[in-house]
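Geometric and topological summary
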Amino acid sequence: MISHTDVKVTGTQINYYFICTTKLWLFSHHIQMEKESDEVSMGKHIHETSYERTKKNIIIDDVIAVDFIKKHDGIEIHDVKKSRKMEVAHRWQLLYYLYYLKQRGVSAIGVLDYPLLKKKEILHLGDSEERELEKLIQEILALVSSQMPSPMKRPLCKKCSYYEFCFGGE
Amino acid sequence: MKTNYYITKDGVLRRKENTVYFIDKTEQRALPIQKIYAIYAYGNLSFTSGVVSYLAKNGVPIHFFNSYGFYEGSLYPRETLVSGDATIKQAEHYLDGERRSILAKLFVEGAAKNILRNLNYYSKDTNSLTSYIEKIEHELGQLPGYTTIPQIMSVEGHIRDFYYSALDCIFPAEFQIGERVKRPPNNKTNTLLSFGNSLMYATVLSEIYNTQLNPTISFLHEPFERRFSLSLDVAEIFKPIIVDRVIFKLINKNMLDETDFSGDIGNMLLSESGRKKFLQEYHERLSRTIEHKGLGREVSYQRLIRLELYKLVKHVLGTQKYKPLVMWW
Ligand code: SF4
């Protein structure tokens, strides 16, 4: 069990781990690119149009950033996504939020909303997910403190904001 | 798409809502803020309040040049892409003599190879260049044996001397360089070179702003030479690709006449019409695109500068050794 004071991992880092470790490394070392890609502004647009009346962009401890929180019987953490392409990454990111909250004595469930697909996915944090997340955190910390992983070209690179950074030297 | 604005006249910059206006006696020109990449000011430019901070907030640098076209200074917006790691690593590469000289040599090598590309292009028509090309290649061959910055700089100096002598073989008499004289330039081509090199410096600086690199930490040039000396280093690679080729075109196509210069031999400058012609060709060249193999898409020459800086970031971070851009087209 990792004490919650030394966990400095953010949700974005968990997400990037599943997308690309080069991206994870660059982001973690504050190597960011100047332009908001169209992807980003598209994402914003969805947020603004689909959930206008709910409170959005809730940031907790600079670790969690979710779109909104609902309270019925328990707490629901909602994250809005536009497609299921990065589903695994989205899922672990949200599970990590649940884990993070649990460390602080708050139990919650997660909901991934796909307004464009009119779909929802409900996530619960179980023991096996917790163990998996703890391993993940260790791996991320190790990765970030070693050399930058060499970029590997895949189809998703073309839409990545680091594309020119990674492959412009060839 | 953002673009560079070149202001060759005296006037005022004023902000009205989301638009910046350039105003002078004869015109009022709108520069929408989302469109401005950088401003190059060649006249006396004054500002009404608010416009400077507005430009800075939007990450737009303004570069100032004097009547010779020499770079005077920039309003350089506060850096937003800061990475402590990258800065420390960049400084490490400066402080460690061996690592510094590796980079210094790579800048000289890249510049020399682009110079050779220019000369080889011309040597198709004339054999008189062959001996200069050989001399430059010989100098380049010496480079690996050198380790100190003065040695590396002297290779660079010799290569430039041979280069300009070679160009004198093909330029018409009116445009002979003779000796490279900078301050003030003493003849037409020296004037063009000074003008273009200052411009290149500012263009590279605008690109550095959009990366994590610190513009004050350089490798080939000494950091105290100019405030933003990293620009001098990287400009070496691009001068032959961009500035020199603009000058070749202006000269070879007979695009310049007496009215484009003012002042006397020994103290010559570009007139307003000369500046306009130069800036137009320069801008055209920066915007020109070529197919980039690694990216599988077209990139502009201006973008190539950014890519070069990304390569440097990767070099200092230790992920990929820097290899200077040599024209492949
Ligand atoms: S371009 Fe590709 S390799 Fe580079 S960070 Fe993005 S996803 Fe990773």
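Everything below is about the structure printed above this text.
Here we summarise the structure given alongside this text. (Residues numbered from 1 in each chain as written. Chains lettered and ligands numbered in written order. Predicted model: local features only at pLDDT ≥ 70, side-chain atom pairs only at ≥ 80, totals over all residues. Heavy atoms only, no water.)

Here we come to the overall build of chain A. Of the regular secondary structure elements, chain A holds 6 helices and 6 strands. Beginning at the N terminus, the succession of helices and strands in chain A can be written as α-α-α-β-β-β-β-α-β-β-α-α. Out of the 170 residues in chain A, the part that is buried amounts to 44%. A separation threshold of at least 6 residues defines the contact pool for chain A, and within that pool the share at least 24 residues apart is 65%. Working note: accessible area of chain A is about 9400 Å², and carbon and sulfur atoms make up 54% of it. (Helix = DSSP H or I, 4+ residues; strand = E, 2+ residues; numbered from the N terminus. Buried < 20%, exposed > 50% of the residue type's maximum accessible area, 1.4 Å probe, protein only. Contact = heavy atoms within 4.5 Å. Areas by Shrake-Rupley, 256 points an atom, 1.4 Å probe, with all protein chains shown as cover.)

Moving on: helix 9 (residues 301-317) of chain B. Here helix 9 of chain B contains 17 residues, and its C-alpha end-to-end distance of 25 Å stays within 8% of the 24 Å for a straight helix at 1.5 Å per residue. Where helix 9 of chain B ends, the next residue or the one after it, G318 of chain B, has phi of about 85°, a positive value. (Expected span 1.5 Å × (residues − 1).)

Our focus in this paragraph is the site of the ligand. In the vicinity of the ligand, the residues found are C20, K23, P151, M152, R154, L156, C157, C160, Y162, Y163, C166 and F167 of chain A. Element by element, the count of residues in the shell around the ligand is highest for helix 6 (residues 163-167) of chain A, at 3 residues. (Near = heavy atom within 4 Å.)

Grouped together as the largest cluster of nonpolar side chains are 100 residues, with contacts concentrated most on L199, F238 and F278 of chain B. With 14 residues, helix 7 (residues 229-252) of chain B is the single largest residue contributor to this core. With residues near it in sequence (within four places) discarded, L199 of chain B still touches Y6, Y40, Y42, F65, F278, L279 and Y282 of chain B. Formed by 32 residues, the second largest nonpolar core is a distinct cluster that contains C20, V66, Y99 and L143 of chain A. (Core = buried A, V, L, I, M, F, W, Y, C linked by side-chain atoms within 4.5 Å.)

Residue and element names in this part refer to chain B. Note that strand 3 (residues 19-23) and strand 4 (residues 28-32) share 5 bridges and pair antiparallel. Of the residues in strand 4, the one forming a bridge with F22 is R29. Once strand 3 ends, the chain turns through 4 residues before running back antiparallel as strand 4. (Pairing = 2+ DSSP bridges.)

This next bit is on the interface of chain B and chain A. With 22 residues of chain B at the interface, the matching set in chain A holds 20 residues. Contact with chain A buries surface across chain B, with L295, Y310 and K314 of chain B losing the most and accounting together for 24% of the total. One can count 1 salt bridge joining chain B with chain A. For the salt bridge of E164 of chain A with R303 of chain B, the shortest nitrogen-to-oxygen distance reads 2.5 Å. Counting every contact that joins chain B to chain A gives 9 residue pairs in polar contact (both at pLDDT 80 or more). Mapped onto the side of chain B that touches chain A, the elements with two or more residues apiece are helix 2 (84-95) and helix 9 of chain B. With 8 residues, helix 9 of chain B is the single largest residue contributor to the side of chain B that touches chain A. Among the residues making up the side of chain B that touches chain A, the classes are represented as 8 nonpolar, 8 polar and 6 charged. (Buried area = accessible area lost by both parts, 1.4 Å probe. Salt bridge = Lys/Arg side-chain N within 4 Å of Asp/Glu carboxyl O. Polar contact = N/O pair within 3.5 Å; in protein donor to acceptor, adjacent residues only side chain to side chain. Nonpolar A, V, L, I, M, F, W, Y, C, P; charged D, E, K, R; others polar.)

We now examine the side chain of S83 of chain B. Mapped onto the elements of the fold, S83 of chain B is located in the loop between strand 8 (71-75) and helix 2. Taking relative accessible area as the criterion, S83 of chain B reaches 0% and is therefore assigned buried. In this structure the side chain of S83 of chain B is engaged in a polar contact, spanning 2.7 Å, whose partner is the backbone oxygen of H29 of chain A.

So, on to the packing of helix 7 of chain B against helix 8 (residues 272-287) of chain B. All names here are of chain B. Two numbers describe how helix 7 lies on helix 8: the axes approach to 10 Å, and their chain directions differ by 130°. Here helix 7 is positioned oblique relative to helix 8, judged by the angle of their axes. Crossing of helix 7 against helix 8: the hand is right-handed. Taken together, the residues of helix 8 that come into contact with helix 7 (itself represented by I241, I242, V243, R245, V246, I247, K249 and L250) are K277, F278, E281, Y282, E284, R285 and L286. (Axes fitted to C-alpha atoms, helices over the stretch in contact; angles between N-to-C directions. Parallel < 35°, antiparallel > 145°, perpendicular 65-115°, else oblique. Left-handed = near helix turned anticlockwise from the far one by under 90°.)

Paired through their backbone hydrogen bonds, the strands of a sheet run either parallel or antiparallel. All names here are of chain B. Pairing in this open sheet of 4 strands is mixed, and the strands run 4-3-2-6 from one edge to the other. Across the chains shown, the open sheet's two edge strands, defined by having one partner strand only, are strand 4 and strand 6 (45-47). Ignoring which end each strand starts from, the neighbouring axes of this sheet average 25° apart. With 3 bridges connecting them, strand 2 (residues 11-16) and strand 6 associate as parallel partners. Bridge assignment links L13 to a residue of strand 6, and that residue is F47.

It is worth spelling out the environment of Y42 of chain B at this point. Residue and element names in this part refer to chain B. Along the chain, Y42 falls in the loop between strand 5 (36-41) and strand 6. A C-alpha to C-alpha distance of 9.2 Å links Y42 and F70, two positions 28 residues apart in sequence. With residues near it in sequence (within four places) discarded, Y42 still touches I7, T8, F65, G69, F195, L199, R275 and L279.

All names here are of chain B. Tallied over the entire structure, the rule returns 23 aromatic pairs over all chains. Between the aromatic rings of Y40 and F65, the centroid separation amounts to 6.2 Å while the plane-to-plane angle is 15°, which identifies the pairing as stacked. A residue pair is termed long-range when its members are at least 10 positions apart, and Y40 in strand 5 and F65 in strand 7 (residues 62-65) qualify at 25 residues. The class of F65 is buried, set by a relative accessible area of 4%. Plain terms: the ring middles of F107 and Y322 are 5.6 Å apart, the flat faces sit at 50° to each other, and that makes the pair tilted. Pair noted here: F107 is in helix 3 (residues 97-123) and Y322 is in the segment after helix 9, with a separation of 215 residues, a long-range link. Assigned by exposure class, F107 and Y322 land together as buried. Taken together through their ring pairs, the aromatic side chains of Y6, Y40, Y42, F65, Y71, F195, Y201 and F278 make up a single cluster. (Phe/Tyr/Trp six-rings, centres within 6.5 Å; stacked < 30°, edge-to-face > 60°.)

The next point concerns the environment of N267 of chain B. Residue and element names in this part refer to chain B. By secondary structure assignment, the location of N267 is in strand 10 (residues 267-270). For the pair N267 and K182, spaced 85 residues apart in sequence, the C-alpha separation works out to 9.9 Å. Apart from the residues within four sequence positions on either side, N267 is in contact with Y68, P184, P185, N186 and S262.

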